[in-house]
Amino acid sequence: NPWLRPEQIQSSEAAIERKLSKELSAVAAAYHYRLRELIEAVPVADGIVQYQNVSRYRATGGEFELNAHLSRSLEMAGSAAVDTNSIPVGPRLAP
């Protein structure tokens, strides 16, 4: 496909880490991704596919982590994450 363009991504990420006590620390992070010109195989004829730039996606999410150092040989951690699972924002057909 002579009209095929490279895929593009823009990303923003931020994180903060804080020591809450001698034994306890926390990390919080957030991100936002924008993907454009994603390449997919598109059926164009019987059994024939053509690679085209057809879609765009956005994904936003965050994560929280808590770490506890209970002793010299024992550490515990827990985390939770939330994600929008890449929401399509519209198809775009190649010429």
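Structure report, in brief.

1. Looking at the pairing of strand S2 (residues 24–45)
Here is step 1 of the chain: Pairing of strand S1 (residues 8–19) with S2 involves 12 bridges; the strand directions are antiparallel. Residue pairing in the sheet places Glu 13 in a bridge with Tyr 31 of S2.
Here is step 2 of the chain: Hairpin connection of S1 to S2: 4 residues between the antiparallel strands.
Here is step 3 of the chain: Where S2 lies against strand S3 (residues 48–71), 19 bridges are found, and the strand directions are antiparallel. Following the sheet pairing, Ile 39 is matched in S3 by Asn 53.
Here is step 4 of the chain: Linkage of S2 to S3, two consecutive antiparallel strands, is achieved through a turn of 2 residues, within which Gly 47 is found at a positive phi near 75 degrees.

2. Things to note about the pairing of strand S4 (residues 74–83)
Here is step 1 of the chain: Summarising burial for S4: 0 of the 10 residues are buried, a small minority.
Here is step 2 of the chain: Inspection of the sheet shows S3 paired to S4 by 10 bridges, in the antiparallel sense. Within the sheet, the bridge partner assigned to Leu 66 lies in S4 and is Gly 78.
Here is step 3 of the chain: Between S3 and S4, which pair antiparallel and follow one another directly, the connecting turn spans 2 residues.

3. Digging into the environment of Leu 4
Here is step 1 of the chain: Along the chain, the position of Leu 4 falls in the segment before S1.
Here is step 2 of the chain: Classification of Leu 4 by relative accessible area gives partly exposed; the value is 35%.
Here is step 3 of the chain: Separated by 33 residues in the primary sequence, Leu 4 and Glu 37 have C-alpha atoms spaced 8.8 Å apart.

Conventions and cut-offs
Residues numbered from 1 in each chain as written. Predicted model: local features only at pLDDT ≥ 70, side-chain atom pairs only at ≥ 80, totals over all residues. Heavy atoms only, no water. Pairing = 2+ DSSP bridges. Helix = DSSP H or I, 4+ residues; strand = E, 2+ residues; numbered from the N terminus. Buried < 20%, exposed > 50% of the residue type's maximum accessible area, 1.4 Å probe, protein only.

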